Amino acid sequence: MNQFEQNVINSFGLARKDINELYENVKFILEQVAELKQENARLSKQLNITKKTVSKKYIASKTGSKVHSPGCVFAKNIKQKNKKVFSTKTKALNEGFKLCNCLAY
Ligand SMILES: [Zn+2]
């Protein structure tokens, strides 16, 4: 076996070692990804529950200029037919409503 052949064989040996290491790394990463996917699924489930519990409504009167939280005494005084419900403050603000003190925290 000449030097060239020896070099080629050594190179293949090294490459195979690298590939094995690479393969181990990929396996490790795939395991991590699988774990992260599970964690992600768990967290988004929790997030959905949280979203449901904190989903707020904002209430304005068609005849008024302010938007209120549902618990506000002014919101409770708004007649059903004049009630306007927003899912976000921004939507109410975009329609020209001002925030009542009950929302100013
Ligand atoms: Zn209010």
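Before reading further, recall that the structure is shown in the block above.
Residues numbered from 1 in each chain as written. Predicted model: local features only at pLDDT ≥ 70, side-chain atom pairs only at ≥ 80, totals over all residues.

On to the overall build of the chain, then. Across its full length, the chain holds three helices and four strands. The secondary structure elements of the chain, listed N-terminal to C-terminal, are α-β-β-α-β-α-β. For 105 residues, the compact-globule formula gives about 13 Å, and the C-alpha radius of gyration of the chain, at 31 Å, lies well above that figure. When the backbone C-alpha atoms are referred to their principal axes, the chain occupies close to 100 × 25 × 25 Å. Out of the 105 residues belonging to the chain, those deemed buried represent 9%. A separation of at least 24 residues holds for 54% of the contacts in the chain among residues at least 6 apart in sequence. (Helix = DSSP H or I, 4+ residues; strand = E, 2+ residues; numbered from the N terminus. Rg over C-alpha atoms; globule rule 2.2 N^0.38 Å. Buried ≥ 20, exposed ≤ 12 C-beta atoms within 10 Å, placed from the backbone. Contact = placed C-beta atoms within 7 Å.)

Across the sheet, which stays open at both edges, the four strands sit in the order 3-1-2-4 with mixed pairing between neighbours. If you trace the sheet from one side to the other, it starts and ends with strand 3 (83-86) and strand 4 (98-99), each paired once. (Pairing = 2+ DSSP bridges.)

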